[in-house]
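Listed below, chain by chain, are the residues.
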Amino acid sequence: MTFAPHRLSVAPMMDWTDRHCRAFHRALTGRALLYTEMVTAPAVIHGDPERLLRFDAVEHPVALQLGGSEPDQLAQAARIGAGYGYDEINLNVGCPSDRVQSGRFGACLMREPELVADCMAAIRGAVAVPATVKCRIGVDDQDPAVSLFATVDACASVGIDTFIVHARKAWLKGLSPKENRDVPPLDYALVRRLKRERPHLTICINGGIADLDQAEAHLDVADGVALDGVMLGRAAYHEPALLGSVDRRLFGETTADIDVWTALDRYRPYMAARLAEGVALPAMARHMLGLMHGRPGARAFRRILTVDAIRPGAGLEVVDAAADAVRQAEARREAA
């Protein structure tokens, strides 16, 4: 069976899912859909799109997430993004930060479903690739059963059929963005209800999903309905090795899982190419810190990548040394 990329995706995460992170994650999974950090439409239009949008061909399939609330701006930014070759344009209707609110985009747009629909109509009309929405279930005192359905239905009315739902309200007053990832209660049942009552739409779930067992549970049929996809966030970043079994477990591939050593070998040419361009090793190494999570030598792996990578002229020998520390620790454990 062939599954769409949305079956498992890695969330857009500010300061984390840059192009180096995505290339690293691609070394672990060939099938998962990867997302950029959110980029605002004005930044794309008036800033340096080459710096903001360039990516390596190894990252496909990869989606560009935009932030904004001006339909014309979003259409222009989407066209620029599509010109760079992104496979999808996604609108952020979920970020709760003060900076995002002051710009009238992100989660506060849950209060304006018709404006979200106007934005999505503009994006959809501007590009040939899919246009999708990532949203919350509501904000502040909204009734999520009302706000979520209102946002989804408004967008569906202009031809949008794919929604990634962070199954948690966002509290825009009194909670920080970090607290907004944990404090408001998750409501997975509401997302499943959305799929049950809107079966023609592609509904993916995000929020609090810690591992692939939980991901598979969301994709299983329950009460007569199965969700179409799962988006992993912090779990994929802090314990990236779990991505190595995604292609087999969630996409039905018959190839062997990608272990940590194979992932390092696959990421190596990318790192070498970027180092040759003048990219500093820490920009890439920082995304690998959790790769050896739970293994002997994991602490030494992190220390070497953190301390030695910042030395002038540091190159792939630092990565090799970090990997050797893990191999040696594992050998000592086996010999004990």
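Remember, it's a predicted structure, so these values are computed and weren't measured experimentally. Along each chain, numbering runs from 1 in the same order as the chain's sequence is written. With pLDDT at 70 or above as the cut-off, local features in this predicted model cover only qualifying residues; side-chain atom pairs require 80 or more to be listed or tallied, and sums for whole chains, interfaces and linings still use all residues. The basis for every side-chain value is the complete set of heavy atoms in the structure, and neither hydrogens nor water enter the calculation.

Enquirer: Teacher, can you tell me more about the overall build of the chain here?
Expert: For the purposes of this entry, the term helix denotes a DSSP run of H or I that reaches at least four residues, the term strand denotes a run of E that reaches at least two, and both are numbered from the N terminus. The helix and strand tally for the chain stands at 15 helices and nine strands. Each radius of gyration is computed over the set of C-alpha atoms, and the globule rule expresses the reference value as 2.2 Å times the number of residues to the power 0.38. Compactness check: the chain gives a C-alpha radius of gyration of 20 Å against a globular reference of 20 Å for 336 residues, within 12% of the reference. Taken over the C-alpha atoms alone, the chain extends approximately 60 × 50 × 45 Å along its principal axes. Relative accessibility thresholds used throughout: buried, under 20% of the residue-type maximum; exposed, over 50%; partly exposed, between the two (1.4 Å probe, protein chains only). Counting across all 336 residues of the chain, residues that qualify as buried make up 54%. Residue contacts are defined here by distance: any two heavy atoms, one from each residue, within 4.5 Å place the two residues in contact. Partitioning the contacts of the chain with sequence separation of at least 6, the portion at a separation of at least 24 is 75%. What sets the accessible areas is the Shrake-Rupley method with a 1.4 Å probe; for residues, cover comes only from the shown protein chains. When the accessible surface of the chain is split by element, carbon and sulfur atoms take 51% of a total near 14,300 Å². Neither His nor the chain termini are counted; the positive set is Lys and Arg, and the negative set is Asp and Glu. To locate a charge, the coordinates of NZ of Lys, CZ of Arg, CG of Asp or CD of Glu are taken. Computed over 39 positive and 43 negative side-chain charges, the separation of the two mean positions in the chain equals 3 Å.

Enquirer: What is the right way to look at the side chain of glutamate 88 in this model?
Expert: Of note, glutamate 88 is situated in strand 5 (residues 88-93). Arginine 26 provides the closest opposite charge to the buried, salt-bridge-free glutamate 88, at an N-O distance of 11 Å. For glutamate 88, the side chain forms a polar contact with the side chain of histidine 6, separated by 2.8 Å. Polar side-chain contacts of glutamate 88 include one of 2.5 Å to the side chain of threonine 132. Filtering out sequence-adjacent residues up to four positions away, glutamate 88 remains in contact with His6, Leu33, Tyr35, Val62, Ala63, Leu64, Val129, Pro130 and Thr132. By convention in these notes, a salt bridge is any Lys or Arg side-chain nitrogen within 4 Å of a carboxyl oxygen on Asp or Glu. Two N or O atoms count as a polar contact when they lie within 3.5 Å, although within protein this holds only if one can serve as hydrogen donor and the other as acceptor, and sequence-adjacent residues are included solely when both atoms are side-chain atoms.

Enquirer: How do you make sense of the nonpolar core when you look at a structure like this?
Expert: A general feature of soluble globular proteins is that nonpolar side chains tend to end up buried together. Leu8, Met120, Ile123, Phe163, Tyr267, Met288 and Met292 are the most contacted members of the largest nonpolar core, which totals 112 residues. When neighbours within four sequence positions are excluded, leucine 8 is seen to be in contact with Ala32, Leu33, Val230, Leu232, Leu243, Val246, Leu250 and Phe251. Among buried residues, the Ala, Val, Leu, Ile, Met, Phe, Trp, Tyr and Cys ones that are joined through side-chain atoms within 4.5 Å form a nonpolar core.

Enquirer: Looking at this structure, I do not really get the pairing of strand 7 (residues 162-166). What am I missing?
Expert: Consecutive residues of a regular strand have side chains that alternate between opposite faces of the sheet. Counting buried residues in strand 7 gives five out of five residues, a clear majority hidden from the surface. Judged by which residues are buried, strand 7 turns out to be covered on both faces: Thr162, Ile164 and His166 on one side and Phe163 and Val165 on the other are all buried. When DSSP finds at least two bridges between two strands, those strands are taken to pair. With three bridges joining them, strand 6 (residues 131-135) and strand 7 adopt parallel strand pairing. Note that in strand 7 the partner of valine 133 across the bridge is phenylalanine 163. Handedness of the β-α-β unit built from strand 6, helix 7 (residues 144-156) and strand 7 comes out right-handed. Taken together, the five bridges between strand 7 and strand 8 (residues 202-206) define a ladder with parallel strand orientation. We call a crossover right-handed when, viewed with the strands running away from us, the connection from the first strand over the helix to the second turns clockwise.

Enquirer: Would you mind showing me how to read the state of the cysteines here?
Expert: Chemically, a disulfide is nothing more than a covalent bond linking the sulfur atoms of two cysteines. Note on terminology: pairs of cysteine sulfur atoms within 2.5 Å are recorded as disulfides. In total, this model carries zero disulfides according to the counting rule given. There is no disulfide at cysteine 108, and the cysteine sulfur nearest it, in cysteine 95, is 9.6 Å away. Under the relative-accessibility criterion, cysteine 108 is labelled buried at 8%. This cysteine, cysteine 119, is not joined by any disulfide, and cysteine 155 carries the nearest cysteine sulfur, 8.7 Å off.

Enquirer: Explanation requested: the side chain of glutamate 37 in the structure shown.
Expert: Mapped onto the elements, glutamate 37 comes out in the loop between strand 2 (33-35) and strand 3 (39-40). In this structure glutamate 37 is buried but unpaired, with arginine 22 as the nearest side chain of opposite charge at 5.6 Å. Contacts of glutamate 37, omitting those with residues within four sequence positions, involve Met13, Met14, Asp15, Trp16, Thr17, Asp18, Arg22 and Gln65.

Enquirer: For this particular structure, what's the right way to read the pattern of salt bridges?
Expert: Between side chains of opposite charge, a pair can form when the charged atoms approach closely. For the structure on display, the rule yields 16 salt bridges. A salt bridge links arginine 274 to aspartate 56, with the nearest nitrogen and oxygen atoms 3.5 Å apart. On the criterion of sequence distance, the pair formed by arginine 274 in helix 12 (residues 260-277) and aspartate 56 in the loop between helix 3 (49-53) and strand 4 (62-67) is long-range, its members being 218 residues apart. Where aspartate 213 meets arginine 249, a salt bridge forms, and the shortest distance between an N and an O atom there is 2.6 Å. Here the residue aspartate 213 occupies a position in helix 9 (residues 212-219), and arginine 249 occupies one in helix 11 (residues 246-249), the gap between them amounting to 36 residues.

Enquirer: Looking at this structure, I do not really get helix 12. What am I missing?
Expert: Since there are 3.6 residues in each turn of an α-helix, residues three or four apart along the chain are aligned in direction. Given a helix with a known number of residues, its expected span is that number minus one, times 1.5 Å. Look at helix 12: 26 Å from first C-alpha to last across 18 residues, which is about the 26 Å you get at 1.5 Å a residue. For helix 12, the full list of buried residues reads Val260, Trp261, Ala263, Leu264, Tyr267, Tyr270, Met271 and Arg274. For helix 12, the elements touching its buried residues are helix 1 (19-26), helix 13 (281-285) and helix 15 (316-335). At the exit of helix 12 stands glycine 278, carrying a positive phi of roughly 100 degrees.

Enquirer: What is the right way to read unusual backbone geometry from this model?
Expert: It is generally the case that most residues other than glycine have a negative phi and that most peptide bonds are trans. Going from histidine 60 to proline 61, the amide bond is cis rather than trans, its omega being -5 degrees. Mapped onto the secondary structure, proline 61 falls in the loop between helix 3 and strand 4. The backbone of aspartate 15 shows a phi angle near 70 degrees, a positive value even though the residue is not glycine. Structurally, aspartate 15 can be placed in the loop between strand 1 (8-10) and helix 1. For aspartate 15, a relative accessible area of 54% gives the class exposed. Positioned with a positive phi, aspartate 140 is a non-glycine residue whose angle comes to about 50 degrees. Looking at where aspartate 140 falls in the secondary structure, it is placed in the loop between strand 6 and helix 7. Its relative accessible area of 8% is what places aspartate 140 among the buried residues.

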